[in-house]
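Take a look at the letters that make up each chain.
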Amino acid sequence: MTTEGFTTCLWFDGQAEEAAEYYLSVFKNSRLGRIGRYTEAGPGPAGSAMAVEFEINGQKFVGLNGGPQFTFNESISFQIRCSDQNEVDYYWRCLTDGGEEGPCGWLKDRYGVSWQVVPEVLIDLISDQDAEKAARTTAAMMTMKKLDIAALQNVHDGG
């Protein structure tokens, strides 16, 4: 077995190349890899992308234009750990553009892929040894769509 980690395959209905370009525009540390195109043998239109390799922050992906048989759902999501509110706001704004907001920092992008935009500090706050602080923070998080670090910290601290 390879020691280079795993490659996540995302199944699209004709949008793999467009989606890869979109993700490359959102994530600064990303790059496009090889693009395999359909030939006259099909099953897709000759010249259209069959599979698109791309990498985001060291994570390898293949976008596959497999057709309409399968769609994305929330059972699989990608977490983006954010160091501050500016990062939360940036990824939230970019990924909800054409997509939809969900609860507790979750969203679906314009292609239906689910993401969790999570401030790094959240894990510390909701796993605090003080059960009351953790419970207050968790309850506040459950009322939010985009997570607000200052509000979560304030609730955690008893404000």
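Residues numbered from 1 in each chain as written. Predicted model: local features only at pLDDT ≥ 70, side-chain atom pairs only at ≥ 80, totals over all residues. Heavy atoms only, no water.

A separate point is the sheet that holds strand E1 (residues 7-12). Two orientations exist for strands paired in a sheet by backbone hydrogen bonds: parallel and antiparallel. The mixed open sheet is built from four strands, whose spatial order is E1-E4-E3-E2. Each having just a single partner strand, E1 and strand E2 (30-37) make up the two edges of the open sheet. In this sheet, adjacent strand axes meet at a mean angle of 20° when their direction is disregarded. Running at roughly 15° to strand E3 (residues 49-56), helix H1 (residues 16-26) makes contact with E1, E2, E3 and strand E4 (59-65) of the sheet. (Pairing = 2+ DSSP bridges. Helix = DSSP H or I, 4+ residues; strand = E, 2+ residues; numbered from the N terminus. Axes fitted to C-alpha atoms, helices over the stretch in contact; angles between N-to-C directions. Contact = heavy atoms within 4.5 Å.)

Here Asp-109 lies in the loop between strand E7 (106-108) and strand E8 (114-119). Among buried Asp, Glu, Lys and Arg side chains, Asp-109 stands out as unpaired, with Arg-110 the closest opposite charge at 6.9 Å. A polar atom in the side chain of Asp-109 sits 2.7 Å from the backbone nitrogen of Tyr-111. Sequence-distant contacts of Asp-109, that is, excluding residues within four places in its chain, are made with Tyr-23, Leu-95, Gly-99 and Trp-115. (Buried < 20%, exposed > 50% of the residue type's maximum accessible area, 1.4 Å probe, protein only. Lys, Arg positive; Asp, Glu negative; His and termini not counted. Salt bridge = Lys/Arg side-chain N within 4 Å of Asp/Glu carboxyl O. Polar contact = N/O pair within 3.5 Å; in protein donor to acceptor, adjacent residues only side chain to side chain.)

As for its position among the elements, Thr-137 is in helix H4 (residues 131-142). Not counting chain neighbours up to four residues away, the residues in contact with Thr-137 comprise Leu-125, Ile-126, Leu-152, Val-155 and His-156.

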